[in-house]
Amino acid sequence: MQTWFLDSYAGKTVLVTGDTGFKGAWLTMWLHRLGARVVGYGLAPPTSPSLYESAEVWRLSTHYRGDVRSFHDLAKCFAEVQPDLAFHLAAQPLVRRARRESRETFETNFMGVVNFLEAARDTSSVQAAVCISTDKVYRNSDWSWAYRESDPLGGHEAYGASKACGELAIEAYRDPMFQRVTEPRRLLPIASARAGNVIGGGDWAEDRIVPDVVRACMADRTVLLRAPGSIRPWQHVLEPLSGYLQLGALLTRSPERAVGAWNFGPEASEHHTVLELAEGVLKRWPGTASQVEVPADADAAGESRVLRVDSSLAQRSLGWRSVWGFDETLDAVCDWYRTSIGKPAKQVLEISLEQIDAYVERAEIVGSAWAVAPSESCDRVRARSGGGHDV
């Protein structure tokens, strides 16, 4: 994987919506590590505990409390901050919650995107906008091959449908004709990133497999699986984050190469079932008495059985690819939980930053033979000396 983009954020002001969430907290830590001035916008952390609080990520940024459904508040934040780049992560990300709160989910995942893009376009300092989406935006037919960015969007449930609506808004807002005829009539490079199923340390969300298994291990109780045979493109949270960072940097440097929609997911050989993931975590949790239990009606949970994404476009055009395989991902995830639970915030932050450094080091090794910035010729390979700035 190319790592030239890691030098692009030092001294930049970067706005991150949804910074109090799981992915938002990891992105905030990484951006701070790269020397950016990070400004967050979002609600209170969605879980307790949360990575944002347990690592005191709030110390690394300036935070604005607000809801992305409020255009007034979000636009005010943009106007005061005057960011160079903006990442939109704020969302209602839970499938089962979306069934209970469908209207709120559409308001957040659709109009939240519209409000973000309106505020970004109205702020002249913003050079690029990256909207974070999901692999659930595709009209899922449970077929065996992976979805590409050109495949139809859709969704038979509120979460996927709401995110697909957000993608349609993104497509409109990044269209050059739309931007030329719509105030403030300026061209803003916009990209959307569709990530596969993300796992990592510090995720405590309800109805997610890794937090569920970790909680079961901590309490020595049985792990109940809703859909053990479902196949998902599991990847460590740092994998798609590296893609987001690359898109942000490239949008400001060579926007014509980065605008559009992009899949970020693991290689096809690294797609595994829910059961394989749960058993993998249990194997890496010494001393647990927890076991997996599959209810008789487990596969009747109403979720897609197969979901794969094709990341060949990002590999071919961006030089992006997964760095950690399934086993390495599970090692990192379990190491984080086992070494961080109950520890002081300073130590939790150090553990998290060490994982970021380890990921970058591995990425540089994997991509050392072809880590060339898109704006450079192939004989000018960039050499980096370290993992970023000290906290």
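Residues numbered from 1 in each chain as written. Predicted model: local features only at pLDDT ≥ 70, side-chain atom pairs only at ≥ 80, totals over all residues. Heavy atoms only, no water.

**Q** Could you give an account of the overall build of the protein, naming the residues involved and the relevant values?
**A** Each helix and strand counted, the protein has 13 helices and 13 strands in total. Classification of the 391 residues of the protein by burial places 57% in the buried group. Taking the intrachain contacts of the protein between residues at least 6 apart in sequence as the baseline, contacts between residues at least 24 apart amount to 81%. In the structure as shown, the protein presents an accessible area of about 15900 Å², 50% of it carried by carbon and sulfur atoms. Across the protein, the 43 positively charged side chains and the 50 negatively charged ones have centroids separated by 3 Å. (Helix = DSSP H or I, 4+ residues; strand = E, 2+ residues; numbered from the N terminus. Buried < 20%, exposed > 50% of the residue type's maximum accessible area, 1.4 Å probe, protein only. Contact = heavy atoms within 4.5 Å. Areas by Shrake-Rupley, 256 points an atom, 1.4 Å probe, with all protein chains shown as cover. Lys, Arg positive; Asp, Glu negative; His and termini not counted. Charge placed at Lys NZ, Arg CZ, Asp CG, Glu CD.)

**Q** Summarise the state of the cysteines; cite the residues concerned and give the values.
**A** A full pass over the atoms with the stated rule returns zero disulfides. Looking at C131, it has no disulfide partner, and the nearest cysteine sulfur is the one in C165, 14 Å off. Overall, the relative accessible area of 1% leaves C131 in the buried class. Looking at the unpaired C217, the closest cysteine sulfur is the one in C334, lying at 7.7 Å. (Disulfide = S-S within 2.5 Å.)

**Q** Explain helix 6 (residues 158–174) to me, and be specific about the residues and the numbers.
**A** With 17 residues, helix 6 should reach 24 Å at 1.5 Å per residue; the first-to-last C-alpha distance of 24 Å fits that figure. Burial analysis of helix 6 places 13 of its 17 residues in the buried class, the great majority of the element. Between the side-chain oxygen of the N-cap and the backbone nitrogen of Y159 there are 2.8 Å, and the N-cap of helix 6 in question is E157. (Expected span 1.5 Å × (residues − 1). Polar contact = N/O pair within 3.5 Å; in protein donor to acceptor, adjacent residues only side chain to side chain.)

**Q** Any details on the packing of helix 9 (residues 238–253) against helix 13 (residues 345–366)? Residues and values, ideally.
**A** How two helices pack is summed up by the angle between their axes together with the distance between the axes. With their axes 11 Å apart at the nearest point, helix 9 and helix 13 run at an angle of 70° to one another. Here helix 9 lies roughly perpendicular to helix 13, going by the angle between them. Facing helix 9, whose interface residues are L238, E239 and S242, helix 13 presents Q355, I356 and Y359. Among the residues making up the contact of helix 9 with helix 13, the classes are represented as three nonpolar, two polar and one charged. (Axes fitted to C-alpha atoms, helices over the stretch in contact; angles between N-to-C directions. Parallel < 35°, antiparallel > 145°, perpendicular 65-115°, else oblique. Nonpolar A, V, L, I, M, F, W, Y, C, P; charged D, E, K, R; others polar.)

**Q** Talk me through the environment of L318; I want residue IDs and the actual numbers.
**A** Tracing the chain through its elements places L318 in the loop between helix 11 (312–317) and helix 12 (326–340). Each C-alpha atom, one on L318 and one on R257, is 8.1 Å from the other, the two residues being 61 residues apart in sequence. Excluding anything up to four places from it in sequence, L318 contacts Q2, Q246, L247, L250, R257, W262, F264 and L313.

**Q** Describe the pattern of salt bridges, naming the residues involved and giving the relevant values.
**A** Counting across every chain of the model gives 20 salt bridges. In this structure, E104 engages R103 in a salt bridge whose closest nitrogen and oxygen atoms are separated by 3.5 Å. A residue is classified by how much of its surface remains accessible, and R103, at 55% relative accessible area, is exposed. R148 serves as the salt-bridge partner of D310, at 3.0 Å between the closest nitrogen and oxygen. Of this pair, D310 sits in the loop between strand 13 (292–293) and helix 11 while R148 sits in the loop between strand 5 (128–134) and helix 6; the two residues are 162 residues apart in sequence, bridging distant segments of the chain. Its relative accessible area of 16% is what places D310 among the buried residues. Shared partners join several salt bridges into a network, and the residues in it are D67, R69, R103, E104 and E107. (Salt bridge = Lys/Arg side-chain N within 4 Å of Asp/Glu carboxyl O.)

**Q** Which residues make up the environment of V210, and what values do they have?
**A** Positionally, V210 belongs in helix 8 (residues 209–219). Spatially, the C-alpha atoms of V210 and V281 are 7.6 Å apart, while their sequence positions differ by 71 residues. Look past the residues within four positions of V210 in its chain and what remains in contact with it is I199, L277, V333 and Y337.

**Q** Tell me about the nonpolar core, and name the residues and values.
**A** Ranked by size, the top nonpolar core spans 81 residues in total, and within it Y9, W26 and W30 carry the most contacts. With sequence-adjacent residues up to four places away left out, W26 is seen in contact with L51, G201, V237, L238, L241, W336, S352, Q355 and I356. Counting residues in hydrophobic clusters, the runner-up holds 24 residues, among them L74, C77, A120 and Y173. (Core = buried A, V, L, I, M, F, W, Y, C linked by side-chain atoms within 4.5 Å.)

**Q** Tell me what's going on with the packing of helix 5 (residues 102–122) against helix 6, and back it up with residues and numbers.
**A** Viewed as axis vectors pointing N to C, helix 5 and helix 6 meet at an angle of 20°, and their least axial separation amounts to 8 Å. Regarding the angle of helix 5 to helix 6, the classification is roughly parallel. Handedness of the helix 5/helix 6 crossing: right-handed. Facing S102, T105, F106, N109, F110, V113, V114, L117, E118 and R121 of helix 5, the residues of helix 6 in contact are A158, Y159, A161, S162, K163, C165, G166, A169, I170 and Y173. Of the residues assigned to the contact of helix 5 with helix 6, the class counts are twelve nonpolar, five polar and three charged. (Left-handed = near helix turned anticlockwise from the far one by under 90°.)

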